[in-house]
There are 4 protein chains.
Amino acid sequence: MAGNSFGNLFKLTTFGESHGTAIGGIIDGCPAGLELDLNAIQRELNRRKPGQSEIVTQRKEPDTVAFLSGIFEGITTGTPIGFTIENANQKSKDYSHIKDVYRPSHADFTYDKKYGNRDYRGGGRSSARETACRVVAGAIAKQLLKNIKIHAFTSSVGKIYIDKPYQDLDFSKIESNAVRCPDGAIAEKMISHIKDIKKQGDTIGGTVTCVLQNVPIGLGEPVFDKLHAELGKAMLSINAVKGFEYGSGFCGVQMKGSEHNDLFNADGTTKTNLSGGIQGGISNGMDIYFRVAFKPVATIMQKQNTLDNQGNIVEMQGRGRHDPCVVPRAVPIVEAMAALVIADYYLMNKTTKL
Amino acid sequence: MAGNSFGNLFKLTTFGESHGTAIGGIIDGCPAGLELDLNAIQRELNRRKPGQSEIVTQRKEPDTVAFLSGIFEGITTGTPIGFTIENANQKSKDYSHIKDVYRPSHADFTYDKKYGNRDYRGGGRSSARETACRVVAGAIAKQLLKNIKIHAFTSSVGKIYIDKPYQDLDFSKIESNAVRCPDGAIAEKMISHIKDIKKQGDTIGGTVTCVLQNVPIGLGEPVFDKLHAELGKAMLSINAVKGFEYGSGFCGVQMKGSEHNDLFNADGTTKTNLSGGIQGGISNGMDIYFRVAFKPVATIMQKQNTLDNQGNIVEMQGRGRHDPCVVPRAVPIVEAMAALVIADYYLMNKTTKL
Amino acid sequence: MAGNSFGNLFKLTTFGESHGTAIGGIIDGCPAGLELDLNAIQRELNRRKPGQSEIVTQRKEPDTVAFLSGIFEGITTGTPIGFTIENANQKSKDYSHIKDVYRPSHADFTYDKKYGNRDYRGGGRSSARETACRVVAGAIAKQLLKNIKIHAFTSSVGKIYIDKPYQDLDFSKIESNAVRCPDGAIAEKMISHIKDIKKQGDTIGGTVTCVLQNVPIGLGEPVFDKLHAELGKAMLSINAVKGFEYGSGFCGVQMKGSEHNDLFNADGTTKTNLSGGIQGGISNGMDIYFRVAFKPVATIMQKQNTLDNQGNIVEMQGRGRHDPCVVPRAVPIVEAMAALVIADYYLMNKTTKL
Amino acid sequence: MAGNSFGNLFKLTTFGESHGTAIGGIIDGCPAGLELDLNAIQRELNRRKPGQSEIVTQRKEPDTVAFLSGIFEGITTGTPIGFTIENANQKSKDYSHIKDVYRPSHADFTYDKKYGNRDYRGGGRSSARETACRVVAGAIAKQLLKNIKIHAFTSSVGKIYIDKPYQDLDFSKIESNAVRCPDGAIAEKMISHIKDIKKQGDTIGGTVTCVLQNVPIGLGEPVFDKLHAELGKAMLSINAVKGFEYGSGFCGVQMKGSEHNDLFNADGTTKTNLSGGIQGGISNGMDIYFRVAFKPVATIMQKQNTLDNQGNIVEMQGRGRHDPCVVPRAVPIVEAMAALVIADYYLMNKTTKL
């Protein structure tokens, strides 16, 4: 209810502030008998962690996950999987300057008003550090869904975007560059742009596109829990996300029905896929694809006026080590959240018919 | 779990196929002591009902709601509010031609694969008729939230769109035309375009924009249940929706942090509102606004090839009475879903602090 | 949250006051493809309905269930099953005398204090009439669980009790007498006692024992949702229930471990079954059996002093048509709630292991 | 869904096996602004921990709780409270003898059948060690409910029981003896009996009675989530519990309505309290009291025949350090679960009326 759980049958509950002792979570409902590759989980965490390249924050966090339960001799037992990730590098002093100040477009003001107090160090609970727990759970969900391919990538940074359909991209190139864009030439432009932005002490937004392949037909619950509705919620729950569209998305609104309808082949596949792999909220076996909009990070290294908790307008300047663009590190988070949704709906679908 | 409930504390569960005896629902968790204006509820239903103008489906359904419980002497008692809406005009014969056929870009194929059988008459459970129940519950939520203003309107049809910020619109004009666009000149173009499309036996998409005013500060749960994530899910659960964005939305991805940040005034309001009234998933007291993309209706009055349940490609032509554009009738549904989310989060916020 | 839903995957939500237009409910999560015997559902309702014998209330309610959705051509479709039962015989005048009075040991006082108002007619939502909806859903659950046998019976009325283990009883005799006791001689004593009590204008308590046979091994979730914990909650949620015990129950507390342990046979069955078919919260394949305590009905036909809503002590006398003993009519309700729990846990168990 | 969470608004999710690295949990929904006495929490844990007296298991576990989040400068922040308790004393070797053997009346057999594998060391997830997490969360709930008094005590061991109503007991004496019985003379008999039983290598059952005072009027949700139904589920979810009764309980079934009804005083209190402080599922302001039955511990130090996982009957003898009677250590667990229920229902009741 208080919003720290995600999923119905495959369910993640997380805890932790960015500058407390540790963050962590509990995965409840992972089926028993799944042999886990723990290195693969850590690799996903490494894709998200700070300091991995020169275009992301230079904070150094080892982000090592420790599993405390639910796995015995390398295999899931069906009992809850508890895990923690220590907050190794808590430079709390970096944040003393914001103790009494509400940073613009951050959650400082709203947390204070909602709760009456807050752990102001590093954004506390509102820090994107919380997403590391999602990546851990998502990595386990991926192993549960081993036949399903989940590929997210950076599809735009500021005004620079990939001008090809995803079918023309080579997903094996996603990890070949720091910005996680599978088109090498565009990737270079993006990286160069992010470096410029960083030099200005500024930040920039971007989009992540995600493609899910080999999803079985039939996932999704009609009416309120349509598959794309849950995917949308999953993505919108990631820090800095401002929009979600799937299939034809916002472009689809300009089309006619006669153009937009996906005609069938005799085998039940469709000739086009403007539906984005989901019809009536239920997967139809075609690729599921969607796009997620990330705003520019609010913490900038320029002077800004802002408000303190006494009602004074004061001047502040961002300090610490922040991302000039969240999108490259958001790629594994998008994948993780997609995996959580699919795992949950995969399990839910097991009771649909006799 | 099976996806027919929405909300946590203010919770709607619905049932009903378009051509069964009736549709209906149960609203659980509406606080006791709310004096209900039943006429206002019916008025909201009338905004959604078929046959209300020449640009929507010409089906005639009275869509009269009957309340069965939870209201005593005009006041809610705190017990569940059960209600039904009869399916008066069930021309089931209109649908015998689709019994064995999967209409393109409909839910026929996916329902059949998921459940093994389906009530094919009028789309059964996948029919947008189900949204009438949402409008009933939303109308009650609106009365619970009497100080909060919720205004949705048609912001685009096909390529025709309102080219002004919402602040320049007069919301009192929304109901003054059949398309529910508050700008009279644009409304005329939209109506004329829909009529053209209808003559072609075709359909067209569009967008609905929704603005929530006077939402108290503090609504929204951090992490997975951010206020905009739940609004997004609510909207994406409406039939034909392909995308959702709030505040700066997809435009925000092209901006720099220095441009995008909303600087504070001394009273805690902000000079700009690219955040869309939500920061860190929690309302900040500014207007909440978002935009919802609707695809063109899949049922067209033109011949199309499609698949039958024996694996044959067959020719079919839409029959029956369908909307050339869902957007005008979607406006009250968007408002209803927004009201349900806000009512639920309003109640949830009552236990946030001591 | 407001307590009108039961179950996780097989989920019943109910509405309705005893003297409103109708009561009803929604069953969400019943798997598609179940061929329903609607007569069998009505038969279960008839076992619960008033006026069926001279030892129960003489109210006449036809208690006919109408299904509104979720069933197509006699088979469940996987969509929610909505149903209503009309309140045909609403003698509201019978209740005008209690409008301002809190009957002793009823819910009048607590409802008024909790909600600030109430539908006082016939107890409103607190009336046991609500359990008719449970019987409908339970009857469907029974059909889903066709290999599982669920037998409840009256095991005591006042101080008269069956002095044999359930293994010595012939369950086919349960419906052969008005009190639903499978031992004919004891049944006669019970009936005679209830008639005496009724003549006195008084009421009497009793117990129902329930035996579940052929429950598959493995149902039940460890820790908080142990199978017997959910069965206990299900039973304690029935009006007038004061206690629940399973297996050795309260007698088990006097035993030593060496006496209480159920030793295994080589086939995994156990020589004794003091565990009551559940170990560690999980069914072990042996018979599940439990006992439920019902207090005497609070409405008596004798004069009592009580409180009115102005703080005065006033004299009142029960009127209307009430049960001298609820136990005979509680038998099908106990079975229904047991069936709901088992159906839910049966579905949940489908995702336990790979 | 997988059963490792308890509560709706005040919600505990736990993880951990008895012989893994640690056990722990997440408390979500604790209101912000609660100043916590961390020593008081540890004191509750100490009441539950092994080795505290000669009549309980002689295992030595420090059972020290570490809080990882959700508390800032001693005050709750409204974000989830994560905590761990290390498994310091994991004598896994004690359990190698049961790796392939199903102990009688334990969860070994059912876990293996349900999950296909299990962490056999010390019972794994089925170990009562898990209840330490409940005590942590319950201790926080108690601090939230500071005006409500919650007292549990040992009311019987085997055939020795307190023969007075709880009103005649001095709750301040509960902690004055090792068995937690407030009547000193009876306590001595119980202790002596447990010592005898222990010498025999055997175990014995007992009951815990719990009294809740100063509970506000109005807690409890009608129909399925009646206050006593949730209390019953809470208690039945504790290891070794076989029964629950409240108010008049199983004795009430022998009474007439005219004897059982609680007549009102003019101030809304009642002259008697056979209702046990709850009417219609809702607290009425009188003392809530209930009784919980614990079976004898299944692990005995005598030879028993049992089954191995190859289908052979083998001889085994309990080893390790086990409780001859769980009841003394169950007392704080019963209190903790009661506190969790009341805290949850207290928060839920905040949205009942306008």
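Per-chain numbering applies: the sequence of each chain, read as written, is numbered from 1 onward. Numbering of ligands from 1 and lettering of chains from A proceed in the order in which they are written. Reporting of local features is limited, given that this is a predicted model, to residues whose pLDDT is at least 70; pairs of side-chain atoms are given and counted only at 80 or more, and all residues count toward the totals for whole chains, interfaces and linings. The basis for every side-chain value is the complete set of non-hydrogen atoms in the structure, without hydrogens or water.

Some remarks on the sheet that holds strand S15 (residues 288–294) of chain C
Selection rule: At least two bridges found by DSSP between two strands are what make those strands a pair. Numbering of helices and strands starts at the N terminus; helices are DSSP runs of H or I of at least 4 residues and strands are runs of E of at least 2. The criterion used for residue contact is that any of the two residues' heavy atoms lie within 4.5 Å. Between the N-to-C directions of two axes lies an angle of 0 to 180 degrees, each axis being a line fitted to C-alpha atoms and, for a helix, fitted only over the stretch in contact.
In spatial order, the strands read S10(C)-S9(C)-S11(C)-S15(C)-S12(C)-S12(D)-S15(D)-S11(D)-S9(D)-S10(D); together these 10 strands make up an open sheet with antiparallel pairing. Edge strands, defined here as strands with exactly one partner in the open sheet, are strand S10 (160–161) of chain C together with strand S10 (160–161) of chain D. The sheet contact formed by strand S12 (residues 241–246) of chain C and strand S12 (residues 241–246) of chain D spans three bridges and is antiparallel. The residue of S12(D) that forms the bridge with Phe244(C) is Phe244(D). Of the strands in this sheet, strand S9 (149–157) and S10 of chain C touch helix H4 (residues 184–199) of chain C, which is tilted by about 55° from S9(C). Running over the sheet, helix H4 (residues 184–199) of chain D touches strand S9 (149–157) and S10 of chain D and is turned about 55° from S9(D).

Things to note about the packing of helix H1 (residues 38–48) of chain B against helix H3 (residues 131–144) of chain B
Residue and element names in this part refer to chain B. Here is the rule: Orientation labels follow simple angle bins: below 35 degrees gives roughly parallel, above 145 gives roughly antiparallel, 65 to 115 gives roughly perpendicular, and whatever is left gives oblique. Each crossing gets its hand from how the near helix is turned against the far one by less than a right angle, where anticlockwise is left-handed and clockwise is right-handed.
Interaxial distance between H1 and H3 falls to 9 Å at its minimum, and their mutual angle equals 140°. Taken as axis vectors, H1 and H3 run oblique relative to one another. Relative to H3, H1 is oriented so that their crossing is right-handed. Between H1 and H3, the contacting residues are Ala40, Ile41, Glu44, Leu45, Arg47 and Arg48 on the first element and Thr131, Ala132, Val135, Val136, Ala139, Ile140, Lys142 and Gln143 on the second.

Concerning helix H5 (residues 227–236) of chain C
The cut-off we apply is this: Only protein chains enter the calculation, and the probe is 1.4 Å; a residue is then buried if its accessible area is under 20% of its type maximum, exposed if over 50%, and partly exposed in between.
Burial of H5(C) is extensive: 10 of the 10 residues sit out of reach of the surface. Buried residues of H5(C): Leu227(C), His228(C), Ala229(C), Glu230(C), Leu231(C), Gly232(C), Lys233(C), Ala234(C), Met235(C) and Leu236(C), and no others.

Observations concerning the interface of chain D and chain B
Our working definition: A quick way to say it: buried area is the sum, across both parts, of accessible area lost when two parts are put together, with a 1.4 Å probe. Between N or O atoms, a polar contact is any pair within 3.5 Å; within protein, one atom must be a potential hydrogen donor and the other a potential acceptor, and residues adjacent in sequence are included only when both atoms are from side chains. Residues are grouped as follows: nonpolar covers Ala, Val, Leu, Ile, Met, Phe, Trp, Tyr, Cys and Pro; charged covers Asp, Glu, Lys and Arg; every other residue, Gly included, is treated as polar.
With 13 residues of chain D in contact, the opposing surface of chain B contributes 13 residues. Summed over both sides, the interface between chain D and chain B buries roughly 1,200 Å², with carbon and sulfur atoms accounting for 74% of that surface. The three residues of chain D that bury the most area against chain B are Leu9(D), Thr351(D) and Leu354(D), which together make up 43% of that side's buried surface. Summed over the shared surface of chain D and chain B, the result is four residue pairs in polar contact (both at pLDDT 80 or more). For the side of chain D that touches chain B, the class distribution of residues is eight nonpolar, three polar and two charged.

With respect to the interface of chain A and chain B
The condition that has to hold: The term salt bridge refers to a pairing of a side-chain nitrogen on Lys or Arg with a carboxyl oxygen on Asp or Glu at a separation within 4 Å.
Facing 107 residues of chain A, the contacting portion of chain B comprises 107 residues. For the pair chain A and chain B, the summed buried area comes to about 8,300 Å², and 62% of that belongs to carbon and sulfur atoms. It is Lys114(A), Phe224(A) and Lys242(A) that lose the most area in chain A upon contact with chain B, and together they represent 11% of the buried surface on that side. Scanning the region where chain A abuts chain B turns up six salt bridges. The partner of Asp225(A) in a salt bridge is Lys233(B), with the nearest N and O atoms 2.8 Å apart. The interface formed by chain A and chain B contains 48 residue pairs in polar contact (both at pLDDT 80 or more). Looking at side-chain class alone, the side of chain A that touches chain B contains 42 nonpolar, 45 polar and 20 charged residues.

So, the relation of the copies chain A and chain B
Selection criterion: A least-squares fit on C-alpha atoms brings the copies together, and the residues used are those whose pLDDT is at least 70 in both copies.
Take chain A, turn it by 180°, move it 0.0 Å along the axis, and it overlays chain B with an RMSD of 0.0 Å. What the superposition gives is, in effect, a two-fold axis relating one chain to the other. Here 100% of the interface residues in chain A have copies in chain B that are interface residues too; the copies meet face to matching face.

Some thoughts on the environment of His151(C)
Residues and elements named next belong to chain C. Tracing the chain through its elements places His151 in strand S9. Measuring from C-alpha to C-alpha, the distance between His151 and Val334 comes to 9.1 Å, with 183 residues separating the pair along the chain. When near neighbours in sequence (up to four residues on either side) are disregarded, His151 contacts Phe171, Ile174, Thr209, Cys210, Val211, Gln213 and Glu335.

Digging into the nonpolar core
For clarity, the threshold we go by: The set of buried Ala, Val, Leu, Ile, Met, Phe, Trp, Tyr and Cys residues whose side-chain atoms join them within 4.5 Å is what this entry labels a nonpolar core.
Formed by 363 residues in total, the largest nonpolar core has its most connected members in Phe290(A), Phe290(B), Phe290(C) and Phe290(D). Every residue in contact with Phe290(B), bar those within four places of it in the chain, is listed here: Val208(B), Thr209(B), Cys210(B), Leu212(B), Leu231(B), Met235(B), Phe244(B), Glu245(B), Tyr246(B), Val334(B) and Ala338(B).

Remarks on the relation of the copies chain D and chain B
In screw terms, the move from chain D to chain B is a rotation of 180° and a rise of 0.0 Å along the axis, fitting with an RMSD of 0.0 Å. Both copies share a contact surface, since 100% of the interface residues of chain D are interface residues in chain B too.

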